[in-house]
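Results of the structural survey
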Amino acid sequence: MDTIIRIAADYAGRPTRNGPVTMGQANMARCVLRDPPLHMNFRVTKRLPAGTTFAAVTVAVGRLLSRHESLRATIRAGVQHVPGAGVFPIEVHGAATDGAGPEAAEHALDGLTEEIGLRIQGTRFDVEAELPIRIAVIAERDVPRRVVFVLPHTSVDAIGLATVMREWERLIRGDAVPAPCPTQPLELAVAEGTPLAQRRTEAALRHWETQLRRVPQSMFAIDEVADADAIRPRLRVRSAVAGEALGAVASRTGASRSVVTLAALGMLIGLRSSQRTCVIASLSSNRVRPELRDYVGPLAQDALMAADLDVPTFDEAVRRFRGASLAGYQHSRFDSTALWEVIEGVNAERGVNFARDCVFNDMSGVTVADREPPPAADVECGWLPEASLPAHLALWANRLEDEVDLTFWIDPRVMSRQEAEGFGTGLVRLLIEAGDRVIPAAEIPAVSGIAPAGHGPGWVHIDSCWVSLDAVARLVGEAVGGRPHRVTHGADGRLTCHVTSGTPEELHAACLALLPGRTSAMTPHHYVVHRAAPGDTWLDGPVVTEGDGRRLDSFLTARISSQ
C-alpha cells in the first residue's frame with residue numbers, strides 16, 4: 001500500500017550539541033550497520049484513542065522527540081550529533097475498509113499495520129544521516145487508528161523503549177508527563193570517561209576473559225552452520241501455581257525470583273546438553289544508579305553468567321547462580337570494541353568460537369501487560385508467532401510475581417516443537433515442585449521430564465565443549481583447500497592436523513576464519529606439516545615444521561587482512 005500522505009512533527013529541545021558517543025551507542029552502531037535489521041530494530045504497534053486527530057499525533061510525536069536526545073542523535077566516526085530543533089516526517093497509510101463490516105475493517109487495519117511495520121522494521125537505519133526512529137500511522141477513512149514505532153538499538157534498549165512507550169500513552173491523550181531523565185547520552189558519555197568508570201570497565205573485561213577461558217563455546221553444539229535470519233518459534237508458558245512456588249524458593253534461599261528462574265533454566269540447559277558448566281548471557285539494564293533509572297538510550301549490555309552444575313540440590317544451584325549473576329551484573333558495563341578483542345584473543349588461543357547461544361532477559365519489572373484471566377491449569381503453554389532472535393535458546397521472563405509468565409525462543413535445530421513444549425513446561429514444573437521441598441539434583445530429570453539429548457558416535461568432550469569429529473574434519477578440509485591432510489584425536493583429547501604444506505600459524509588462522517557459526521567444531525590443537533609425497537606415504541615422511549599456530553601477531557595480521 002502506497003503512502004497516501006506525509007505529515008510532519010516539529011520538535012525543539014536544547015540547542016544543537018555534539019560530543020562523544022556512549023559505550024552503548026558505539027556498540028549498537030556497529031551492530032545496526034552489520035546485523036540483520038529485524039534483529040536490531042524494535043517494532044511497537046499502538047492503537048490510537050478514539051477521536052485522535054492527525055494534529056494530536058504530530059504534537060505528541062514532537063514532544064516525544066523534544067524530550068529525548070537519544071531519539072535525535074546521529075552517529076559518525078565516534079561522535080554524536082544532536083539537532084536542537086527540526087521537522088520529523090511521519091508516513092500515513094490508508095486501509096481499504098469501504099463497505100466492510102466492523103470485524104472485517106479491524107482485520108484490514110491489523111493486516112496493513114503488520115505489513116507496513118515489517119517493511120520499515122526490515123530496512124536498515126542510516127546511523128549517520130537518519131534520526132533513530134521511524135513512525136507510521138494507519139488510517140481508516142482519514143481517521144488515524146494505529147501507529148507503528150520502529151527504533152534501532154542505537155536509540156533505546158528494551159527498558160528505554162518501555163519508558164518511551166509509557167510516555168507516548170500519556171502524550172497522545174494530552175496528559176501531563178514527568179520531566180525527562182536529566183541524564184542524556186552526552187552527559188553519560190562524559191561520565192563513562194572518568195577514571196572510576198574506566199577502572200570498572202577494565203574489571204569487566206577481566207571477568208569476561210576469566211570466564212571465557214573455561215566455559216563451553218556453545219551450550220547447544222549442533223553440526224550445522226548458523227542461519228542468518230534466525231527466525232525462532234516462540235512458546236509462552238504460564239502458571240499461577242508457579243508464582244506462589246517461586247516466592248517460597250526465593251524466601252528459602254535468599255535469592256530473587258529472577259535468580260531462581262535463571263537457576264532452573266541453567267540446570268535444564270545443562271541437563272539437556274550434558275554439560276557440567278552452564279554459561280548464559282543475561283541482559284543487564286545497567287540502571288542501578290538513580291540518575292539512570294529512566295534513562296532513554298542503549299544502556300543494557302550482556303552480563304556473562306557461568307555456573308558449575310555439580311550441585312547436590314536445586315537450592316544449591318540457586319545459590320551458585322546467585323553468585324554468578326552478581327558477578328555478571330557487576331561486570332556488565334564495558335567497551336564493546338575492547339571486549340571483542342578479548343573474545344577473539346581467547347577464541348584464538350582455545351581454538352573455539354564463543355557463541356552467545358543462551359540468553360535470559362528478566363522484563364518482569366518493566367513489562368506493563370494487559371491483565372488476562374489466570375491460567376486454568378497448573379501449567380499452560382501456547383505458541384506465539386515466530387520472530388527473529390540470534391540465539392539457540394532464550395527465555396524472556398514477563399511476569400514472576402502473581403504468576404509465572406515466560407516466553408521461550410527456541411531454535412528448531414535444537415529442539416522440535418514437542419521437545420520445546422516439554423522443556424518449557426518442565427522448567428515450570430521444576431519451580432512448582434521446588435516450592436514444596438528441597439529437590440535433590442538427581443531427581444531433577446524425573447521432576448522436569450527433561451533427559452539428556454545425547455551425542456552419537458564421533459562426538460567427544462574437549463575443553464568443556466562437545467565437539468563433532470566429523471565437523472572438525474570438514475572445517476579443516478575447507479581450511480587446507482584440497483591439500484592432503486588428516487585430523488587425529490589423541491587419547492589425551494588433543495586434535496592434531498597433519499598436512500603437506502603451510503605453516504601452523506597460517507593453518508590455524510584459516511581454521512579460525514571458518515569457525516564462526518559452527519558450534520560443533522573446534523580447531524586442532526597442534527599442526528604438523530609433512531613433506532609432500534605420493535599417495536599416503538606423506539604421513540610417514542619427514543616433518544617440515546609443527547606447532548600450535550597460536551602466535552598473537554598471526555591473528556592480528558589475519559584480522560587486519562579480513563577487514
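Residues numbered from 1 in each chain as written. Predicted model: local features only at pLDDT ≥ 70, side-chain atom pairs only at ≥ 80, totals over all residues. Heavy atoms only, no water.

Thoughts on the overall build of the chain
A tally of helices and strands in the chain yields 16 helices and 21 strands. Over its C-alpha trace the chain gives a radius of gyration of 26 Å, about what one expects of a compact globule, namely 24 Å for 563 residues. If you line up the chain on its principal axes, its C-alpha atoms span 85 × 55 × 55 Å. Across the 563 residues in the chain, those meeting the buried criterion constitute 54%. In the chain, 77% of the contacts between residues at least 6 apart in sequence involve partners at least 24 apart. Counting every atom, the chain has about 24,100 Å² of accessible surface; 54% of that belongs to carbon and sulfur. Across the chain, the mean location of the 58 positive side-chain charges is 4 Å away from that of the 68 negative side-chain charges. (Helix = DSSP H or I, 4+ residues; strand = E, 2+ residues; numbered from the N terminus. Rg over C-alpha atoms; globule rule 2.2 N^0.38 Å. Buried < 20%, exposed > 50% of the residue type's maximum accessible area, 1.4 Å probe, protein only. Contact = heavy atoms within 4.5 Å. Areas by Shrake-Rupley, 256 points an atom, 1.4 Å probe, with all protein chains shown as cover. Lys, Arg positive; Asp, Glu negative; His and termini not counted. Charge placed at Lys NZ, Arg CZ, Asp CG, Glu CD.)

Description of the sheet that holds strand 1 (residues 5-12)
The five strands are arranged 1-6-7-8-3 in an open sheet whose pairing can be described as mixed. Each edge of the sheet is formed by a strand with only one pairing partner; in this case those strands are strand 1 and strand 3 (41-47). Adjacent strand axes in the sheet meet at a mean angle of 25°, parallel and antiparallel pairs treated alike. Strands in contact with helix 3 (residues 54-67) are strand 1, strand 6 (85-94), strand 7 (134-140) and strand 8 (143-152); relative to strand 1, the strand with the most contacts, it is inclined by about 40°. Packed onto the sheet, helix 4 (residues 102-121) meets strand 3, strand 6, strand 7 and strand 8 and runs at close to 25° relative to strand 8. (Pairing = 2+ DSSP bridges. Axes fitted to C-alpha atoms, helices over the stretch in contact; angles between N-to-C directions.)

As for the environment of Gly-502
Checked against the element boundaries, Gly-502 lands in the loop between strand 19 (495-499) and helix 15 (504-514). With sequence-adjacent residues up to four places away left out, Gly-502 is seen in contact with Arg-483, Val-529 and Thr-545.

Looking at unusual backbone geometry
If you check the backbone angles, Arg-141 has positive phi at about 55° while not being a glycine. On the secondary structure map, Arg-141 appears in the loop between strand 7 and strand 8. Phi at Ser-274 takes a positive value of approximately 55°, unusual for a residue other than glycine. Counting through the fold element by element, Ser-274 comes out in the loop between helix 9 (257-273) and strand 10 (277-284).

Quick look at the packing of aromatic side chains
Using the criterion set out here, one finds four aromatic pairs in the structure. Relative to Trp-168, the ring of Phe-149 has its centre 5.0 Å away and its plane inclined at 75°; by these criteria the two rings are edge-to-face. Of this pair, Phe-149 sits in strand 8 while Trp-168 sits in helix 5 (residues 158-171), and the two are 19 residues apart along the sequence. Ring centres 5.5 Å apart and planes at 55° place the aromatic pair Trp-396 and Trp-409 in the tilted group. Of the two residues, Trp-396 is situated in strand 14 (residues 393-399) and Trp-409 in strand 15 (residues 404-410); the sequence distance between them amounts to 13 residues. Like Trp-396, the residue Trp-409 is buried in the burial classification. Arg-417 extends its terminal NZ or CZ atom over the ring of Trp-383, reaching a point 4.5 Å from the ring centre. (Phe/Tyr/Trp six-rings, centres within 6.5 Å; stacked < 30°, edge-to-face > 60°. Lys NZ or Arg CZ within 6 Å of the ring centre and 35° of its normal.)

Considering the sheet that holds strand 18 (residues 485-489)
Sheet architecture is open: four strands sit in the order 18-19-20-21, paired in mixed fashion. Since the sheet does not close on itself, it has two edges, and those belong to strand 18 and strand 21 (543-547), each with one partner. For this sheet the average axis-to-axis angle between neighbouring strands, irrespective of direction, equals 15°. Sheet topology places strand 20 (residues 526-530) next to strand 21; four bridges connect them, and they run antiparallel. Bridging across to strand 21, Val-528 finds its partner in Glu-546. Its contacts with the sheet place helix 14 (residues 469-480) against strand 18 and strand 19, and it is angled at close to 150° to strand 18. Packed onto the sheet, helix 15 meets strand 19, strand 20 and strand 21 and runs at close to 125° relative to strand 20.

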